[in-house]
Amino acid sequence: MIHTINVEHLSKEFKTPQKKEGIWGSLSSLFQKQYTIYKAVDDVSFSIEKGELVGMLGSNGAGKTTTLKILSGLLHPTKGTATVLGHTPWERHNDFRRRFSIVMGQRNQLWWDLPAMDSYLLNKEIYRIPTNRYKELVKKLSERLEIDSKLSIQLRRLSLGERMKCELIGALLHEPEVVYLDEPTIGLDVVAQHSLREFVKEYNKEHDSTIILTSHYMEDIVSLCKRVIILDKGKIFYDGNLEKLSSSVGNDKIVTLHFKEEISSEMEASLSPQFEKISSTTLKARISKQEAPNIVSSVLQSYPIDDINLEEVPIEEVIREIFQKK
Ligand SMILES: Nc1ncnc2c1ncn2[C@@H]1O[C@H](COP(=O)(O)OP(=O)(O)OP(=O)(O)O)[C@@H](O)[C@H]1O
Ligand SMILES: [Mg+2]
């Protein structure tokens, strides 16, 4: 069976010149360059089937973006092989380029000074999208993401979330079979994150497209991906079912309570012991989603509270716990 994405023993080393300190150091490096070699991706193998939506996790610098860049043909690997839709990505065949897309939350691909619509027209020509299909898709995708009224406004005048929606549409107009989404929800507010997430879920189902998603938000991964690949220092640490990984994954919330007055020791003692004082007026705790409503409402009834914050447990923390358990 041919996998949609197949990666075998992939490695990527970055060679960076080492500069010695001081002016003599600079001069001597001119004549005798020394390099440090950094393994960003280290002997990685996995395969992904058509229609799968796989989450790629790992802390900063784990090698996620580098892997996706190799699978897009933007970087050559140092070692190993990869095929995507039967092509070697870094050979950059036209047929391959028409069949995949990469969206990077950290970088714009549309033209900053143009309205999204004008960039889309350019994509239409590059990918030779038939006019009727093009119109149909722009309408459908932009209505679905509720961004249709903003397509004629210069991209740089849009909010971060609006821009991301425009980017996503631009990346999907040629109906790619493989899509890499590298932190598509970074910096977005909860509403925009949710709408992007729902969109990706539907798109994956409707088109049976193969998607790799990286994110630092647990909620993205939990709501979208059955399977996760965790990278740690360039190596695969885990590849498999998300639920099996840990039953506590995504089950906790971080609750922060901001009190109107200074927290007395009696107040602190009367609260659930999970709470930890982080300032004279602030307490923080990690509690399960099921417990959170009860605990929060009982505090609200008993004390003058200025503000309550409910957050997801950062993905780094969850991964760290998993690493520790193993
Ligand atoms: N062009 C480059 N030259 C030298 N080192 C690089 C280069 N690109 C990436 N690296 C290094 O390779 C490692 C992996 O980087 P990569 O961008 O793949 O991490 P990541 O998993 O995407 O992290 P993040 O979650 O922060 O986006 C990092 O240590 C980074 O500094
Ligand atoms: Mg990255």
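Our structure's up above, just so we're on the same page.
Residues numbered from 1 in each chain as written. Chains lettered and ligands numbered in written order. Predicted model: local features only at pLDDT ≥ 70, side-chain atom pairs only at ≥ 80, totals over all residues. Heavy atoms only, no water.

Engineer: Account for the overall build of the protein chain, naming residues and giving values.
Structural biologist: A count of helical and extended segments in the protein chain gives 12 helices and 13 strands. Projected onto its principal axes, the C-alpha coordinates of the protein chain cover approximately 70 × 60 × 50 Å. Going through the 326 residues of the protein chain one by one, you find that 46% of them count as buried. The contacts in the protein chain between residues at least 6 apart in sequence include a share of 70% that link residues at least 24 apart. One finds the centroid of the 44 positive side-chain charges in the protein chain at a distance of 7 Å from the centroid of its 46 negative side-chain charges. (Helix = DSSP H or I, 4+ residues; strand = E, 2+ residues; numbered from the N terminus. Buried < 20%, exposed > 50% of the residue type's maximum accessible area, 1.4 Å probe, protein only. Contact = heavy atoms within 4.5 Å. Lys, Arg positive; Asp, Glu negative; His and termini not counted. Charge placed at Lys NZ, Arg CZ, Asp CG, Glu CD.)

Engineer: Can you lay out the layout of surface pockets for me, pointing to particular residues and giving the numbers?
Structural biologist: Empty space among the atoms can be located by rolling a probe the size of a water molecule over them. In this structure, the largest pocket spans a volume of roughly 660 Å³. In terms of lining residues, the largest pocket is bounded by 24 residues, among which S101, Q109, N123, Y127 and H174 are the most central. Of all elements in the fold, only α3 (94-99), β5 (100-104), α4 (116-126) and α6 (160-172) reach the threshold of two or more residues within the lining of the largest pocket. (1 Å grid on protein atoms, 1.4 Å probe; cavity = no way out; pocket = protein on both sides within 12 Å on 5 of 7 lines; lining within 4 Å. Points joined across faces, edges and corners; volume = space filled by probe spheres on them.)

Engineer: An account of the sheet that holds strand β12 (residues 282-288) is needed here, citing residue identities and associated values.
Structural biologist: The 4 strands lie next to each other as β11-β12-β10-β13, forming an open sheet whose pairing is antiparallel. The open sheet is flanked by β11 (276-279) and β13 (305-312), the only strands paired with a single partner. This sheet shows a mean twist of 25° between the axes of neighbouring strands, independent of strand direction. Pairing of strand β10 (residues 252-259) with β12, which is carried by 7 bridges, proceeds in the antiparallel orientation. Looking at the pairing, D252 lines up with S288 of β12. Running over the sheet, helix α11 (residues 292-302) touches β10, β12 and β13 and is turned about 170° from β13. (Pairing = 2+ DSSP bridges. Axes fitted to C-alpha atoms, helices over the stretch in contact; angles between N-to-C directions.)

Engineer: Provide a residue-level description of the nonpolar core, including the pertinent values.
Structural biologist: Judged by nonpolar contacts, the single largest core of 47 residues is most densely connected at Y120, C166, L168, L173, L181 and V228. Take this core: its biggest share by element is 6 residues, from α6. Both domain 1 (50-76 + 92-234) and domain 2 (252-325) contribute no fewer than three residues apiece to this core. Those residues in contact with V228, other than ones at most four positions away along the chain, are G55, L57, I221, Y238, D239, G240, L242 and L245. (Core = buried A, V, L, I, M, F, W, Y, C linked by side-chain atoms within 4.5 Å. Domains from an automatic or database assignment.)

Engineer: If you had to explain the pattern of salt bridges to someone new, which residues and values would you point to?
Structural biologist: The tally for this structure, following the rule as stated, stands at 18 salt bridges. In this structure, K39 engages D42 in a salt bridge whose closest nitrogen and oxygen atoms are separated by 3.6 Å. Judged by its relative accessible area of 35%, K39 falls in the partly exposed class. The residue R227 makes a salt bridge to E52 at a minimum N-O spacing of 3.1 Å. Placement of the pair is R227 in strand β8 (residues 227-232) and E52 in the loop between β2 (34-48) and β3 (53-57), with a sequence separation of 175 residues. Exposure remark for R227: the relative accessible area of 14% places this residue in the buried category. Classification of E52 by relative accessible area gives partly exposed; the value is 21%. (Salt bridge = Lys/Arg side-chain N within 4 Å of Asp/Glu carboxyl O.)

Engineer: So what about the side chain of K64? Which residues, and what values?
Structural biologist: Along the chain, K64 turns up in helix α2 (residues 64-72). It turns out K64 is buried and unbridged, and the closest side chain with the opposite charge, E183, is 5.5 Å from it. In terms of polar contacts, K64 uses its side chain to reach the backbone carbonyl oxygen of S59, at 3.2 Å. (Polar contact = N/O pair within 3.5 Å; in protein donor to acceptor, adjacent residues only side chain to side chain.)

Engineer: Provide a residue-level description of a nonpolar patch on the surface, including the pertinent values.
Structural biologist: A surface patch of nonpolar side chains, about 700 Å² in accessible area, is lined by I23, W24, L27, L30 and F31. The topology assignment puts F31 in helix α1 (residues 22-31). (Patch = residues over 30% accessible without salt bridge, like charges linked within 9 Å, V, L, I, M, F, W, Y side chains within 5 Å. Areas by Shrake-Rupley, 256 points an atom, 1.4 Å probe, with all protein chains shown as cover.)

Engineer: Go over the pairing of strand β9 (residues 235-241), please, and point to the residues and values.
Structural biologist: For β8 and β9, the ladder comprises 6 bridges, and the chain directions are antiparallel. Bridging across to β9, V228 finds its partner in G240. In textbook terms, the turn of a hairpin is the stretch between consecutive antiparallel strands, and for β8 and β9 this stretch comprises 2 residues, one of which, K233, has a positive phi near 50°.

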